[in-house]
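Tertiary structure, described
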Amino acid sequence: AKYLASGLKRNRSLVRLSLHESAVGNVGAKYLVEALKWNQSLTRLFLSMKQIGMDELRECQESLERNKNAKKNRFLETLNSNEKAPWNRTRIMFIGHAKGGKTATIRSLLGMRFEPKYVSSVGASLTEYKRRIEHNHWSKLKKPKTKQQMRYSSRH
């Protein structure tokens, strides 16, 4: 827990950490409590109540709540200002009537050309694609899954 806490102090991206299967103990929990005083990104920490004392649990909860409120406030401040901020990831769902242009819109966003004879999706269609936006230019990180992979992943 001491080494984990050392890394957690400097980490700026981890938002969720599960330690409920680990033997943290009261000593390890004290290291975590100290690390959470420095960490500003972690908002969820999963621990077993059998592992740590109530004081450490309360201090962890206060730190996580502080981080969650600070994150929410930063988001709202950025939203209400003219500042630019990174948009790390998002999920988009398109819902609409048959032949309403959902697939054409998705294909357009992915840089694919319009297919006038495209066969309509039956049921649900899943597409996963990762892109990086730098200076208003999109660069491809990962190709979309094949239709076979999309069918498999939508069933499982």
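Remember, predicted model here, so these are calculated numbers, not experimental data. (Residues numbered from 1 in each chain as written. Predicted model: local features only at pLDDT ≥ 70, side-chain atom pairs only at ≥ 80, totals over all residues. Heavy atoms only, no water.)

1. Considerations on the overall build of the protein
A tally of helices and strands in the protein yields five helices and four strands. When the helices and strands of the protein are listed from N to C terminus, the series reads α-β-α-β-α-α-β-β-α. Sorting the 156 residues of the protein into buried and exposed places 19% on the buried side. Taking all contacts inside the protein whose residues are at least 6 apart in sequence as the whole, residues at least 24 apart take part in 58%. (Helix = DSSP H or I, 4+ residues; strand = E, 2+ residues; numbered from the N terminus. Buried < 20%, exposed > 50% of the residue type's maximum accessible area, 1.4 Å probe, protein only. Contact = heavy atoms within 4.5 Å.)

2. Considerations on unusual backbone geometry
Backbone geometry places K99, a non-glycine residue, at a positive phi of 60°. Here K99 is to be found in the loop between α3 (54-79) and α4 (102-109). Residue class for K99 comes out exposed when judged on its relative accessible area of 77%.

3. Quick word on a nonpolar patch on the surface
There is a patch of nonpolar side chains on the surface, built from F75, L76 and L79 and spanning about 290 Å² of accessible area. We classify L76 as partly exposed; its relative accessible area is 36%. (Patch = residues over 30% accessible without salt bridge, like charges linked within 9 Å, V, L, I, M, F, W, Y side chains within 5 Å. Areas by Shrake-Rupley, 256 points an atom, 1.4 Å probe, with all protein chains shown as cover. Salt bridge = Lys/Arg side-chain N within 4 Å of Asp/Glu carboxyl O.)

4. Observations regarding the packing of helix α1 (residues 2-10) against helix α2 (residues 25-38)
Where α1 contacts α2, the axes come no closer than 8 Å and their chain directions differ by 5°. Between α1 and α2, the angle falls in the class roughly parallel. Where α1 abuts α2, its residues K2, L4, A5, L8 and K9 lie against Y31, L32, E34, A35, L36 and W38. (Axes fitted to C-alpha atoms, helices over the stretch in contact; angles between N-to-C directions. Parallel < 35°, antiparallel > 145°, perpendicular 65-115°, else oblique.)

5. Let's talk about the packing of α2 against α3
Two elements in contact, α2 and α3, have axes separated by 9 Å at closest approach and are oriented at 25°. Here α2 is positioned roughly parallel relative to α3, judged by the angle of their axes. α2 and α3 meet at a crossing whose hand is left-handed. In this structure, α2 uses N26, A29, K30, V33, L36 and K37 to contact α3, whose residues at the interface are E56, E59, C60, S63, L64 and R66. Residues belonging to the contact of α2 with α3 are distributed by class as follows: five nonpolar, two polar and five charged. (Left-handed = near helix turned anticlockwise from the far one by under 90°. Nonpolar A, V, L, I, M, F, W, Y, C, P; charged D, E, K, R; others polar.)

6. Concerning the pattern of salt bridges
Going through the model one piece at a time under the given rule, you end up with five salt bridges. Taking the shortest distance from any N to any O, the salt bridge between E56 and K30 comes out at 3.9 Å. In this pair, E56 sits in helix α3 while K30 sits in helix α2, placing the two residues 26 residues apart along the sequence. For R107, the salt bridge goes to E115, with nearest N and O atoms at 3.9 Å. Here the salt bridges share partners, and the residues they tie into one network are R107, R113 and E115.

7. Quick word on the environment of L36
Residue placement: L36 occurs in helix α2. Judged by relative accessible area, which is 0%, L36 ranks as buried. Each C-alpha atom of the pair L36 and N67 lies 9.0 Å from the other, and the pair is 31 residues apart in sequence. If sequence neighbours within four positions are ignored, L36 has contacts with L8, L42, L45, C60, S63, L64 and R66.

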